[in-house]
Amino acid sequence: MKIVRAMAQDGQKSVRRFRIGLVWLLSAIIILLLLSIPANSQDYKNLPINPGFIEPKADEFESSIEFRKAQREVRERLSNSRRAVADAIKGGNVNFGTDGDLYFKEYRLARMTQSDEDSLSQLGVMRDEFLKDFFNYRLPERTRAPLIQLTLPVMQQIVEGNFHPAVRLNAITMIGLLDETAGNSNTPPLPSSDAYQFLKRVWSDPKMPESLKVGAIAGIRRFAEISRRGTGSTVLGSELKPELLAIVNGTATDQEKWSRDLSYWLQRRSAQILGFIGEGNDVVSAMTQVMKTDSEKAGRDNFWLRLDGLQSIANLKFEQLDRAQVKPLIDDVLEFAAFALERESKLIEASVDDLVYINILWGDHDLKDPDARPRQGGGGRAGDKGSRGGGPIGGIGGVG
């Protein structure tokens, strides 16, 4: 069993760089697609920003002196309010005072609901800054629950309201990042139970758009991973196991009506969550089936789904497996390892061919001997009688 786990973990590490790149690429594509939706295609709702926190524009004043004065007043108010909130949190409470409350609710939260192009392009930045300022691991733990109670209802209102799709996706993403305790290098954070319950509700609501279901299952996956690393006996998401198994097996309700990309993405996330659950003969059977997925029959490259199956096998609770289940798992891991190596070999081969084609590499000589690369505009290496020379762009020169 240790061999199976080690092989699965080694295979997992060998392709991690591909997964990181893919995640960033998909994130960028999603953001670009969401931002491509015209904000004026319909009247989206937004939470109004308090006028006292909006910086004035120069053309609103008759003189530059009046403009700079008004600008200074707004910036001072922002600075003082920010300080009041920070001091209150450091003191272990959320009694921000009048300006602090307005700053928190009618500035920091309200900014993330605007549907103009500039605001939409900064949603990720605003979310990260908000979490850093108000849910920093250095801040007192006793303030986290009250802050969640201030933040979560607003995020829920956004998810369920007529806000811009990107704003709603940002809100459900933030909900999936709310933790009751921050955790440290030795102890994982404790996910917010209220946030988890809301994510499940969104996931199960047939009226919710696909983008929000994707955001919900991403948050559930994070909570499942964290709870698996924790000391509790129950992994969050375990109660969704029948539905997750159905998605992995392609038999979920109306799954045949889902877009191919959505079905594939949800199959991957479901497989990951099942791996964190890590127990049950049905989970082992599902992962075995995933590892045997045939790309040709599926009509797409299922490498990443199979990799998720491999990762899930590494996460299984091996002490609970029957001996009869171990041998097939070893076979599956070995088969995938051979498949992955062959696939990577072909990718490297294709990349080398591309580099040769655009004259970055000189045939395959650069790979064999670093000194074999012809010098620009000259012949081969000094003293190499009859070696091929390099033209001005590294092509084949004359005979020396």
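Below: a short report on this structure.

About the thresholds
- Here the residue numbering is sequential within each chain, running from 1 through the sequence in written order.
- Given that this is a predicted model, residues contribute local features only at a pLDDT of at least 70 and side-chain atom pairs are listed and counted only at 80 or more, while totals for whole chains, interfaces and linings are drawn from all residues.
- Note: side-chain values were computed over all heavy atoms of the structure, leaving out hydrogens and water.
- Only buried residues count toward a nonpolar core, which is a set of Ala, Val, Leu, Ile, Met, Phe, Trp, Tyr and Cys residues joined through side-chain atoms within 4.5 Å.
- A simple rule labels every residue: compare its accessible area, found with a 1.4 Å probe on the protein chains alone, to the largest value its type can have, and call it buried under 20%, exposed over 50%, or partly exposed in between.
- Working definition: helices are DSSP H or I runs of at least four residues, strands are E runs of at least two. Numbering for both runs from the N terminus.
- Two residues qualify as a contact provided that any one of their heavy atoms is within 4.5 Å of a heavy atom in the partner residue.
- One speaks of a salt bridge when a side-chain nitrogen belonging to Lys or Arg is within 4 Å of a carboxyl oxygen belonging to Asp or Glu.
- Lines fitted to C-alpha atoms define the axes here, with helix axes fitted over just the stretch in contact, and angles between the N-to-C directions of these axes take values from 0 to 180 degrees.
- Orientation is classified from the angle alone, with under 35 degrees giving roughly parallel, over 145 giving roughly antiparallel, 65 to 115 giving roughly perpendicular, and any other angle giving oblique.
- Crossings are sorted by hand: turned counterclockwise from the far helix by less than a right angle, the near helix makes the crossing left-handed, and turned clockwise it makes it right-handed.
- Charged residues are taken to be Asp, Glu, Lys and Arg, nonpolar residues to be Ala, Val, Leu, Ile, Met, Phe, Trp, Tyr, Cys and Pro, and polar residues to be all remaining types, Gly included.

**Focus on the nonpolar core**
The biggest cluster of nonpolar side chains holds 82 residues, and the ones touching the most others in it are Phe134, Met155, Val159 and Met287. No other element matches the nine residues that helix α12 (residues 260–277) contributes to this core. Ignoring sequence-local partners within four residues, the contact set of phenylalanine 134 consists of Val85, Ile89, Tyr103, Phe104, Arg108, Leu139 and Leu147.

**Topic: the pattern of salt bridges**
Throughout the structure, instances matching the rule amount to eleven salt bridges. Arginine 201 is the salt-bridge partner of glutamate 160, the closest N and O atoms lying 2.7 Å from each other. Here glutamate 160 is found in helix α7 (residues 144–160), whereas its partner arginine 201 is found in helix α9 (residues 193–204), with 41 residues between them in sequence. When its relative accessible area of 44% is taken as the criterion, glutamate 160 is described as partly exposed. The partner of lysine 200 in a salt bridge is glutamate 239, and the shortest N-O contact between them spans 2.7 Å. Taken together, the residues lysine 200 in helix α9 and glutamate 239 in the loop between α10 (210–229) and α11 (241–249) connect sequence positions 39 residues apart. You can call glutamate 239 partly exposed: its relative accessible area is 42%.

**Thoughts on the packing of α9 against α10**
At their nearest, the axes of α9 and α10 sit 8 Å apart, and the two run at 140° to each other. Taken together, α9 and α10 sit at an angle that is classed as oblique. Taken as a pair, α9 and α10 cross one another with a handedness that is left-handed. Across the interface between the two elements, Ala195, Tyr196, Leu199, Lys200, Val202, Trp203 and Ser204 of α9 pack against Leu212, Lys213, Ala216, Ile217, Gly219, Ile220 and Phe223 of α10. A per-class count over the contact of α9 with α10 returns ten nonpolar, two polar and two charged.

**Describing the packing of helix α4 (residues 97–111) against helix α6 (residues 123–134)**
Two elements in contact, α4 and α6, have axes separated by 9 Å at closest approach and are oriented at 145°. The segment α4 lies against α6, with Tyr103, Phe104, Arg108, Leu109 and Arg111 engaging Met126, Glu129, Phe130, Asp133 and Phe134. Among the residues forming the contact of α4 with α6, the class breakdown is six nonpolar, no polar and four charged.

Keep in mind these numbers describe shape, not what the thing actually does.
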